[in-house]
Structure formats: structure tokens, C-alpha cells
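# Topology and contacts: notes
Listed below are the residues making up each chain.
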Amino acid sequence: EPLAAWIKWRDYMFQQEIELWGKFIDFWMTGGNQYWMDFDYERNGRWPFEYLDEEDKKIDVHCEYEMDCYPRAVVSYERLRNPETGPDEADKIADLLDGKL
């Protein structure tokens with residue numbers, strides 16, 4: 001059953017997924033500091049790859065030559081869904097998209 005398989009995966013992978021999510025946030029908050037090995041296209045540090053040590057990290061090549069890897073806004077899901085704070089959170093997104101579409 002798909003649901004049972006997902007629950008099993010979720011329970012087994014929970015800690016790794018939380019750590020990976022933290023690394024993803026750090027990537028953007030540090031201007032594209034690459035935490036994965038070059039050929040780890042999934043960027044998950046799973047065999048045969050591993051995460052880079054702090055001294056081995058470098059700026060991702062895409063951040064050097066193709067895009068600016070800095071956060072533009074921090075949007076809270078909870079604030080976005082809240083009827084009182086939602087409009088202000090949505091304005092953050094709108095401001096970023098203004099003139100870009």
C-alpha cells in the first residue's frame with residue numbers, strides 16, 4: 001500500500017530530511033555555499049557521496065556565474081495562512097515578483 005510505504009519511508013528518513021532541509025536553507029542564507037560534492041546531483045549526501053566539511057565548502061558555480069544566490073525575503077507559511085498577517089506576507093511575494101513576469 002502506498003500510504004504505508006510512505007509512512008515507513010518518512011519514519012526512517014525523518015532526521016536526514018530535516019538535516020537536508022537545514023542545509024538547503026543555509027545554502028541560500030550564505031549566498032550559495034555548496035554543501036554537496038560536485039557530482040551529487042540530488043544534493044542529498046547519500047552513498048557514494050557525502051556532505052562537504054566546512055573547510056571544503058565553496059560557492060556553487062551557478063551562484064558565481066548565472067544567478068544571485070541571496071535571500072530576497074523570508075516568508076512564513078503560518079503567517080501567510082493567517083487572515084490577519086497573510087496580506088503582509090503575500091505582499092512580500094508580490095514585491096519580489098513585481099515586473100518579473
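Attention in this report is confined to the structure presented alongside it. (Residues numbered from 1 in each chain as written. Predicted model: local features only at pLDDT ≥ 70, side-chain atom pairs only at ≥ 80, totals over all residues. Heavy atoms only, no water.)

## Looking at helix H1 (residues 2-29)
Its 28 residues give H1 an end-to-end C-alpha distance of only 35 Å, which falls more than 12% under 40 Å, the value for a rise of 1.5 Å per residue. Along its length, H1 reaches its greatest deviation from straightness, about 60°, at Met13. Buried residues belonging to H1 abut strand S1 (33-34) and helix H2 (61-65). The first or second residue beyond H1 is Gly31, which carries a positive phi of 80°. (Helix = DSSP H or I, 4+ residues; strand = E, 2+ residues; numbered from the N terminus. Expected span 1.5 Å × (residues − 1). Bend = angle between axes of the 7 residues up to and from the residue. Contact = heavy atoms within 4.5 Å.)

## Some remarks on a nonpolar patch on the surface
Taken together, Val75, Leu80, Ile93, Leu96, Leu97 and Leu101 make up a surface patch of nonpolar side chains, about 530 Å² in accessible area. Looking at the nonpolar patch element by element, the count peaks at three residues for helix H4 (residues 86-97). (Patch = residues over 30% accessible without salt bridge, like charges linked within 9 Å, V, L, I, M, F, W, Y side chains within 5 Å. Areas by Shrake-Rupley, 256 points an atom, 1.4 Å probe, with all protein chains shown as cover. Salt bridge = Lys/Arg side-chain N within 4 Å of Asp/Glu carboxyl O.)

## Observations regarding the packing of aromatic side chains
Each pair of aromatic rings is reported with the distance of its centres and the angle of its planes. Considering all chains together, one arrives at six aromatic pairs under this definition. Aromatic pair Trp21 and Phe24: ring centres 5.5 Å apart, planes at 25°, arrangement stacked. With Trp21 and Phe24 both in helix H1 and three residues apart, this pair spans about one turn of that helix. Residue Trp21 is classed as exposed on the basis of its relative accessible area, which comes to 55%. On the basis of an interplanar angle of 90° and a centroid distance of 5.0 Å, the ring pair of Phe27 and Trp28 is categorised as edge-to-face. Judged by relative accessible area, which is 5%, Phe27 ranks as buried. Given the relative accessible area of 26%, Trp28 is considered partly exposed. The side chain of Lys23 reaches across the aromatic face of Tyr51, ending 4.4 Å from its centre. (Phe/Tyr/Trp six-rings, centres within 6.5 Å; stacked < 30°, edge-to-face > 60°. Buried < 20%, exposed > 50% of the residue type's maximum accessible area, 1.4 Å probe, protein only. Lys NZ or Arg CZ within 6 Å of the ring centre and 35° of its normal.)

## Side note on the side chain of Asn44
Structurally, Asn44 is set in the loop between S1 and strand S2 (58-59). At a separation of 3.1 Å, a polar atom in the side chain of Asn44 contacts the main-chain amide nitrogen of Arg46. Apart from residues lying up to four places away in sequence, Asn44 is in contact with Leu20 and Tyr51. (Polar contact = N/O pair within 3.5 Å; in protein donor to acceptor, adjacent residues only side chain to side chain.)

## Things to note about a negative patch on the surface
Side chains of Glu50, Asp53, Glu55 and Asp56 sit close together on the surface and give a patch of like negative charge. Of note, Asp56 is situated in the loop between S1 and S2. The exposure class assigned to Asp56 is partly exposed, which follows from its relative accessible area of 43%. (Lys, Arg positive; Asp, Glu negative; His and termini not counted. Charge placed at Lys NZ, Arg CZ, Asp CG, Glu CD.)

## Points about the pattern of salt bridges
Per the stated rule, a full pass over the model turns up seven salt bridges. Across the pair Arg46 and Glu17 runs a salt bridge, and its minimum N-O distance is 3.0 Å. One end of the pair, Arg46, is in the loop between S1 and S2; the other, Glu17, is in helix H1, with 29 residues separating them in the sequence. Residue classification places Glu17 among the partly exposed residues on the basis of a relative accessible area of 29%. Between Glu89 and Arg79 there is a salt bridge, and its shortest N-O distance comes to 3.2 Å. You can see Glu89 sitting in helix H4 and its partner Arg79 sitting in helix H3 (residues 77-81), a full ten residues away along the chain. Here the salt bridges share partners, and the residues they tie into one network are Arg79, Glu89 and Lys92.

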